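Descriptive analysis of the structure
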Amino acid sequence: MSTISGAHIFAKKALLPDGWAENVAITVSDDGHISSMQRDTVPAGNSVGILLPAPANLHSHAFQRAMAGMSERRGQEAHDSFWTWREIMFRFLDVLTPEDIGSIAAFVQMEMLEAGYASIGEFHYLHHQPGGTPYANLAELSDRIIEAAEKTGIGLTLLPVLYQHGGCDRRPLAPGQVRFGNDPDRFAMLFELAAGTMSRLPEDAVLGVAPHSLRAVDEDGLTAAIALAGDRPLHMHLAEQVAEVEEVIAARGTRPVEWLLRNAPVSENWCLIHCTQMLPEETAALAKTGAVAGLCPITESSLGDGIFDGVRYTENDGKFGIGSDSNIRISLSEELRTLEYSQRLRDKCRASIATPEKSTGRVLFEKVALGGAQAIGRKAGALATGGFADLVALDEKAIDLEGREGDEILDAYIFAGDDRMITDVWSAGRHVVREGKHVKGDAIRAAYRKTVAALRMRL
Ligand code: ZN
């Protein structure tokens, strides 16, 4: 998708780094950066209502989008945890082709753009053919994700995943996991091949590294992944479920967060996904590293993972962003609402992370925009010159915004409204959502319908 260059955007209201401003004009350079910004000016170019920095969706497994709504039955166990969900996923993994994966990825990226995200961290662990044999091109499926991003115009941070073992005891991969597996040497080859394809994307695209988890990666694998990443984004699942914490304690003698902070150089380029199972001292210690906690509130609710301690983490200046993970539902406003409501339900309070100066919606939105950009290695997250023009516009005529001013706009969007308020989205200057719809939405939706119908026949 070509960059919409030299664009002028005018907003009646805009959230700038130092607060709300009126009649703001923004110029976007040919390479997708915000090159100038002026307040109190007059309309010119694309005119929008309310302009905000468009956050990153920092954690996604694209193919799981096609499973949404298929895993809500109970298995044989009295206490159903992952069981039915995992069964459905394994059935999918038996049949998904590269074409399927490309079609699903384009669809979910398009939905993310329409939901107000400008960019994505794709935590990509599905590498091989059904049965586990690599494709002739080791990076075949990474290439399909990259091609989808070319089609949709989303800002891609691709995070190829190193997955070595079936558990902390280094057991072999289970039949459902064989499409994920690589040793560190073959993973380095895959990474190099993906880097070659990534060079086709615009300059905002980023390649990072994702050692899957302390269950799937051993100490040598983690060391290799850290070396390969250098100062690129490094993402890892951490402390999602109680059973995982118990498994890590049994194998390594300490809890997962505690083990990682003692044994790895966790810092600003790290993003730790979930962290729903932490003791208070782990929460405070993780916040102090400068790493980003990658929260996935809708998926964590769907899977019954637990509740991230956002109150304590924020009190310790912790950074966080939002990811849609299983992609059971793509909604930025609902992710933010679910995160805040989970804190309220646990603590029996209101406005859990608001400050005397800023409302709940304002704190949530600003933290997620900045944290998401940091996590995926993207110079964005605020409306500021020099950063990429990742922008989302809300319709100031939306009924829930009637009479709302300042922070109340974000509170009404998150708690009363939804993504239907979104009129426009730019990703690094690419104007891909207009009047609430992706510019290639019809074709991408039609292709996805065909993919899902054909998949259903093969499951
Ligand atoms: Zn995940």
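None of these values were measured; they are calculated from a predicted model.

With respect to the sheet that holds strand β1 (residues 8-16)
In spatial order, the strands read β3-β2-β1-β4-β14-β15-β16-β17; together these 8 strands make up an open sheet with mixed pairing. Whereas interior strands pair on both sides, the edge strands pair on one side only; in this sheet they are β3 (34-38) and β17 (437-438). Pairing analysis gives 8 bridges linking β1 to strand β2 (residues 19-28), with the strands arranged antiparallel. The residue bridging A14 from the neighbouring strand is A21, located in β2. Running over the sheet, helix α12 (residues 360-375) touches β1, β2, β4 (46-53) and β14 (391-394) and is turned about 85 degrees from β4.

Some details on the pattern of salt bridges
According to the stated counting rule, one finds 27 salt bridges in the structure shown. Residues R170 and D218 are paired through a salt bridge, measuring 3.7 Å at the closest nitrogen-oxygen approach. Within this pair, whereas R170 is found in the loop between β7 (155-162) and α4 (184-198), its partner D218 is found in the loop between β9 (210-211) and α5 (219-229), the two being separated by 48 residues in sequence. Accessibility expressed as a relative area gives 9% for D218, which makes it buried.

A look at helix α3 (residues 140-152)
For α3, which comprises 13 residues, the first-to-last C-alpha distance of 19 Å matches the rise-based estimate of 18 Å (1.5 Å per residue) to within 8%. Taken together, the buried positions of α3 are occupied by E140, L141, S142, D143, R144, I145, I146, A148, A149 and T152. Of the residues one or two after α3, G153 is the one with positive phi, at around 80 degrees.

A word on the pairing of strand β16 (residues 430-434)
Extensive coverage of β16 is indicated by the burial of 4 of its 5 residues. Bridge count between strand β15 (residues 422-427) and β16: 3 bridges; the pairing is antiparallel. Directly across from S427, in β16, lies its bridge partner R430. Remark: 2 residues form the turn of the hairpin made by β15 and β16, two consecutive strands paired antiparallel; A428 in that turn has positive phi of roughly 45 degrees. Across 2 bridges, β16 lies against β17 in antiparallel orientation.

Remarks on the coordination of the zinc ion
Looking at the zinc ion, one finds its protein donor set to be H59 (NE2), H61 (NE2), H237 (NE2) and D325 (OD), positioned 2.1 to 2.4 Å from the metal centre. One way to put it: the 4 donor atoms around the zinc ion meet at angles of 81 to 172 degrees, and that makes the site irregular. On the primary sequence, the residues serving as donors to the zinc ion are separated as H-x1-H-x175-H-x87-D. One end of the pair, H61, is in the loop between β5 (56-60) and α1 (83-95); the other, D325, is in the loop between β13 (319-322) and α11 (332-347), with 264 residues separating them in the sequence. As far as burial versus exposure is concerned, H61 and D325 are alike and both buried.

Topic: the packing of α12 against helix α13 (residues 407-416)
Put simply, α12 and α13 touch, their axes get as near as 7 Å, and they point 80 degrees apart. Put simply, α12 runs roughly perpendicular to α13. Between α12 and α13, the residues in contact are T360, G361, R362, L364 and F365 and D407, L410, D411, Y413, I414 and F415, respectively. Taken together, the residues of the contact of α12 with α13 sort by class into 6 nonpolar, 2 polar and 3 charged.

Some words on the nonpolar core
If you look at the biggest cluster of nonpolar residues, it comprises 112 residues, and the most contacted ones within it are L156, L260, L272, F320, L394 and Y413. Counting residues per element, this core draws most heavily on helix α2 (residues 98-114), at 9 residues. Two domains each put at least three residues into this core: domain 1 (7-53 + 382-442) and domain 2 (58-374). In this structure L394 touches G49, I50, L52, L401, I409, Y413, M421, I422 and T423, once residues within four positions along its chain are discounted. Core analysis: the second largest hydrophobic core is formed by 17 residues, I34, L383, A389 and L391 among them.

Describing the domain arrangement of the protein
Each assigned domain of the protein is listed with its residue range as follows: domain 1 (7-53 + 382-442) and domain 2 (58-374). Each of domain 1 and domain 2 has a C-alpha centre, and these two points are 28 Å apart. In this complex, domain 1 contributes 33 residues to the contact, which on the side of domain 2 involves 36 residues. The largest share of the area that domain 1 buries against domain 2 comes from I414, F415 and H438, three residues that together contribute 24% of it. The interface formed by domain 1 and domain 2 includes 2 salt bridges. Notably, a salt bridge pairs R430 with D204, separated by 2.9 Å at the nearest N-O pair. Our enumeration of links across domain 1 and domain 2 arrives at 16 residue pairs in polar contact (both at pLDDT 80 or more). Mapped onto the side of domain 1 that touches domain 2, the elements with two or more residues apiece are β2, β4, α13, β15, β16 and β17. Ranked by residues supplied to the side of domain 1 that touches domain 2, first place goes to α13 with 6 residues.

Structural notes on the layout of surface pockets
One way to see where empty space is left: roll a probe the size of a water molecule over the atoms. One number sums up the size of the second largest pocket: a volume of about 330 Å³. Considering the residues around the second largest pocket, the lining is formed by 14 residues, among which E111, E114, R329, I330 and D419 are closest to the centre. Per element, the largest residue contribution to the lining of the second largest pocket is 4 residues, and it comes from α2. By residue class, the composition of the lining of the second largest pocket is 5 nonpolar, 2 polar and 7 charged. Shared between two domains, the lining of the second largest pocket takes at least three residues from each, and those domains are domain 1 (7-53 + 382-442) and domain 2 (58-374).

Procedures and definitions
Residues numbered from 1 in each chain as written. Predicted model: local features only at pLDDT ≥ 70, side-chain atom pairs only at ≥ 80, totals over all residues. Heavy atoms only, no water. Pairing = 2+ DSSP bridges. Helix = DSSP H or I, 4+ residues; strand = E, 2+ residues; numbered from the N terminus. Contact = heavy atoms within 4.5 Å. Axes fitted to C-alpha atoms, helices over the stretch in contact; angles between N-to-C directions. Salt bridge = Lys/Arg side-chain N within 4 Å of Asp/Glu carboxyl O. Buried < 20%, exposed > 50% of the residue type's maximum accessible area, 1.4 Å probe, protein only. Expected span 1.5 Å × (residues − 1). Donors = N, O, S within 2.8 Å, 3.2 Å for Na, K, Ca; no water. Tetrahedral: all angles 85-135°; square planar, octahedral: opposite > 155°, others 65-115°. Parallel < 35°, antiparallel > 145°, perpendicular 65-115°, else oblique. Nonpolar A, V, L, I, M, F, W, Y, C, P; charged D, E, K, R; others polar. Core = buried A, V, L, I, M, F, W, Y, C linked by side-chain atoms within 4.5 Å. Domains from an automatic or database assignment. Buried area = accessible area lost by both parts, 1.4 Å probe. Polar contact = N/O pair within 3.5 Å; in protein donor to acceptor, adjacent residues only side chain to side chain. 1 Å grid on protein atoms, 1.4 Å probe; cavity = no way out; pocket = protein on both sides within 12 Å on 5 of 7 lines; lining within 4 Å. Points joined across faces, edges and corners; volume = space filled by probe spheres on them.

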